[in-house]
Amino acid sequence: MNILVLNCGSSSVKFQLINTDAQLIEQNTDKRLAYGVIERIGGPALVNFSVVNTDGTSRSQREAVPLRDHSAAIEKIMQWIISPEANIPGITSYTDIAAIGHRVVHGGEELTKSMLIDDEVIRQIEDCIDLAPLHNPQNLKGIYAIKKVFGGTAKQVAVFDTAFHHTLPDYAYLYAIPYQFYRRHKIRRYGFHGVSHRYVQFRYRTLLGLERENVNVISIHLGNGCSICAIKGGRSLDTSMGMTPLEGLVMGTRSGDIDPAILEHLAHKEGYSMAEVESVLNKQSGLLGISGLTNDMRELVAEAVENDDRRAKLAIEVFAYRIKKYIGSYLAAMNGASAIIFTGGIGENSDYVRSKITSGLEWMGIQMNGERNKATTRGKEGKISEDGSRLEAWVIPTNEELMIARDTFRCVMGLESPR
Ligand code: AMP
């Protein structure tokens, strides 16, 4: 079954075309056929498409073309996918795409698993706009655009970033503010990156041949956005992002945890509106804010190592220290774990950052293996701690698109998705 996976942002659409079915899932041999991104939709858009060759290499094509909205962008993607120029085996018309899987950021309290999209599901996603005003409207644009481009009969599935965390107990998801605000406005912690944390625990248990109930790990997703998840018995017990993705770890441009009294103080001192304060915390803080240089961890590590830049070193220090504190608190919340697992652009690629995070955790039982840590980059998965380390450390590259494609297949076939 060929599944088109879509991730729609405010002015961008990312896609992957994945061939999957029950047997391919079982054997972990699902195939990515093509992928790409269209950016700057609404003006002269930048289009970047790639086809995956049989030997795993890709051939790419770039162009700039005016695209007025998400429908035009998706039409552009589809026309390319079926074109002789792309020459994707087995795909020559829209009917060769069996279903479309959408990444949807917020499913609220009701949408706790991947769902075949119908009018009721659309209404529920709309209900969550209040909780994710920046993201859910963009995801809906993608869903409407598919209806327009494919006609009303296309099978669409929504896969929610929040769903994996629906198992959080009330004592982990409640904020200590008057309970009526939870009742009235649904103010609570939801957590995000659920597709990634779920993939990581699934892959870990497959690699080790464990039953889900026996998976007790801490998954650490470090990309542009960063979050950490305590997974007990294969289920999310706690996670660092909250009602929005702003809470928790230090991120590329987001502050993560902060004393809420700072908001009013900053507004008063700088003459900011509340919207401006929120924008500072979301877009000018984190690694960028502390270093004053960049939100790109690669550049920060280079500045720290090659130029001994004080603020770059400080940004990495604050970033790693926050993660250490979360690891400690989650080990306490879970009554111990068997492994911590790194994923995301930074987690998968930076042995430097991983060693900063894990140094000083020997008392907790981590014994790192320096060689394994250094050798594990660019899509490699494996253990980076010593054999026999009481708490293991692993790297497992995330694959959210694959998870979305598999859920889409299962929803279309009426099969239950393993969480
Ligand atoms: P993601 O959002 O998962 O695509 O991750 C993006 C982040 O990964 C960016 O901040 C990059 O700087 C970071 N990244 C990618 N490769 C490396 C690397 N080799 N060392 C450090 N950070 C990296």
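Our structure's up above, just so we're on the same page.
Cut-off values and rules
- Residues numbered from 1 in each chain as written.
- Predicted model: local features only at pLDDT ≥ 70, side-chain atom pairs only at ≥ 80, totals over all residues.
- Heavy atoms only, no water.
- Helix = DSSP H or I, 4+ residues; strand = E, 2+ residues; numbered from the N terminus.
- Rg over C-alpha atoms; globule rule 2.2 N^0.38 Å.
- Contact = heavy atoms within 4.5 Å.
- Areas by Shrake-Rupley, 256 points an atom, 1.4 Å probe, with all protein chains shown as cover.
- Pairing = 2+ DSSP bridges.
- Axes fitted to C-alpha atoms, helices over the stretch in contact; angles between N-to-C directions.
- Expected span 1.5 Å × (residues − 1).
- Buried < 20%, exposed > 50% of the residue type's maximum accessible area, 1.4 Å probe, protein only.
- Near = heavy atom within 4 Å.
- Polar contact = N/O pair within 3.5 Å; in protein donor to acceptor, adjacent residues only side chain to side chain.
- Salt bridge = Lys/Arg side-chain N within 4 Å of Asp/Glu carboxyl O.
- Arc of directions from axis to C-beta.
- Parallel < 35°, antiparallel > 145°, perpendicular 65-115°, else oblique.
- Left-handed = near helix turned anticlockwise from the far one by under 90°.
- Nonpolar A, V, L, I, M, F, W, Y, C, P; charged D, E, K, R; others polar.
- Core = buried A, V, L, I, M, F, W, Y, C linked by side-chain atoms within 4.5 Å.
- Phe/Tyr/Trp six-rings, centres within 6.5 Å; stacked < 30°, edge-to-face > 60°.

So, about the overall build of the protein. Helix and strand content of the protein: 16 helices and 14 strands. A compact globule built from 419 residues would reach a C-alpha radius of gyration of about 22 Å, and the protein, at 22 Å, matches this within 12%. Considered along the principal axes of its C-alpha atoms, the protein spans approximately 60 × 55 × 45 Å. In the protein, the share of contacts with a sequence separation of at least 24, taken over all contacts with a separation of at least 6, comes to 62%. Carbon together with sulfur atoms contributes 50% to the accessible area of the protein, which is approximately 19,300 Å² in total.

All right, on to the sheet that holds strand β4 (residues 44-52) then. The sheet built from eight strands is open, its strands ordered β5-β4-β3-β2-β1-β6-β8-β7 with mixed pairing. Among the strands making up the open sheet, the edge pair consists of β5 (58-66) and β7 (115-116). As defined by bridge partners, strand β2 (residues 13-19) adjoins strand β3 (residues 31-39) across seven bridges and the pair is classed as antiparallel. Bridge pairing links Asn-19 to Lys-31 in β3. Packing against the sheet, helix α4 (residues 136-150) makes contact with β1 (2-8), β6 (99-104) and β8 (156-160), and its axis sits at approximately 165° to β6. Contacts between helix α16 (residues 400-412) and the sheet are confined to β1, β2, β6, β7 and β8, with β6 contributing the most and set at about 125° to the helix.

With 13 residues, α16 should cover 18 Å at 1.5 Å per step; its first-to-last C-alpha distance of 18 Å lies within 8% of that length. Within α16 the residues assigned to the buried category are Glu-400, Leu-402, Met-403, Ile-404, Ala-405, Arg-406, Asp-407, Thr-408, Phe-409, Arg-410, Cys-411 and Val-412.

Pairing within the open sheet is mixed, and its six strands lie in the order β11-β10-β9-β12-β14-β13. Both outer strands of the open sheet, β11 (235-239) and β13 (382-383), are each paired with one neighbouring strand and no more. The sheet contact formed by strand β12 (residues 339-343) and strand β14 (residues 392-395) spans four bridges and is parallel. Considered in β14, the bridge of Ile-341 is made with Trp-394. Packing of helix α14 (residues 351-358) onto the sheet brings it into contact with β9 (217-222), β12 and β14, and relative to β12 it is tilted by some 150°.

Moving on to the site of the ligand. Taken together, the residues surrounding the ligand are Gly-223, Asn-224, Asn-295, Asp-296, Met-297, Arg-298, Gly-344, Gly-345, Ile-346, Asn-349 and Ser-350. Arg-298 is positioned such that a nitrogen or oxygen atom in its backbone is 3.5 Å from an oxygen atom of the ligand. Across the complex, the protein chains shield 72% of the 500 Å² of accessible surface that the ligand would expose by itself. Of all the secondary structure elements, the ones that give two or more residues to the shell around the ligand are α11 (297-306) and α13 (344-349).

Our next topic: the pattern of salt bridges. What the rule picks out here adds up to 21 salt bridges. Across the pair Glu-381 and Arg-203 runs a salt bridge whose closest N-O atoms are separated by 2.9 Å. With a gap of 178 residues between them, Glu-381 in the loop between α15 (370-375) and β13 and Arg-203 in helix α7 (residues 194-208) connect regions that are remote in the sequence. You can call Glu-381 partly exposed: its relative accessible area is 35%. Ionic contacts of the salt-bridge type, sharing partners, join the residues Arg-372, Lys-383, Asp-387 and Glu-392 into one network.

All right, on to α14 then. Regarding α14, the residues found buried are Asp-351, Val-353, Arg-354, Ile-357 and Thr-358. Viewed end-on, α14 has its buried residues packed into an arc of 160°, placing them on one side of the element. Following α14 by one or two positions, Gly-360 adopts a phi angle in the positive range, close to 90°.

It is worth spelling out the packing of helix α8 (residues 261-270) against helix α9 (residues 274-283) at this point. Where α8 meets α9, the axes come as close as 9 Å, and the angle between the chain directions of the two elements is 115°. In terms of axis orientation, α8 runs roughly perpendicular to α9. As for the relative orientation of α8 and α9, their crossing is right-handed in sense. Across the interface between the two elements, Leu-263, Leu-266 and Ala-267 from α8 touch Met-274, Val-277 and Leu-281 from α9. Its residues assigned to classes, the contact of α8 with α9 shows six nonpolar, no polar and no charged.

This part covers the packing of α7 against α16. Running from N to C, α7 and α16 point in directions that differ by 90°, and their axes come no closer than 9 Å. As far as their axial angle goes, α16 and α7 are roughly perpendicular. Residues Val-195, Ser-196, Arg-198, Tyr-199 and Phe-202 of α7 pack against Glu-400, Leu-402, Met-403, Ile-404, Arg-406, Asp-407 and Arg-410 of α16. Its residues placed into classes, the contact of α7 with α16 shows six nonpolar, one polar and five charged.

If you look at the biggest cluster of nonpolar residues, it comprises 41 residues, and the most contacted ones within it are Ile-218, Ile-220, Leu-222, Met-297, Phe-319, Ile-327 and Ile-340. With 11 residues, helix α12 (residues 310-334) is the single largest residue contributor to this core. Beyond its immediate sequence surroundings of up to four residues, Ile-327 is in contact with Ile-218, Ile-220, Ile-228, Ile-340, Ile-357, Leu-361 and Met-364. Membership of the second largest hydrophobic core comes to 32 residues, among which are Ile-41, Ala-72, Ala-86 and Ala-145.

Within the structure shown, the criterion is met by eight aromatic pairs. On the basis of an interplanar angle of 75° and a centroid distance of 5.5 Å, the ring pair of Phe-15 and Phe-49 is categorised as edge-to-face. Linking Phe-15 in strand β2 with Phe-49 in strand β4, this pair joins segments that are 34 residues apart in sequence. Residue Phe-15 is classed as buried on the basis of its relative accessible area of 3%. By relative accessible area, Phe-49 is classed as buried at 1%. Relative to Tyr-182, the ring of Tyr-173 has its centre 5.8 Å away and its plane inclined at 50°; by these criteria the two rings are tilted.

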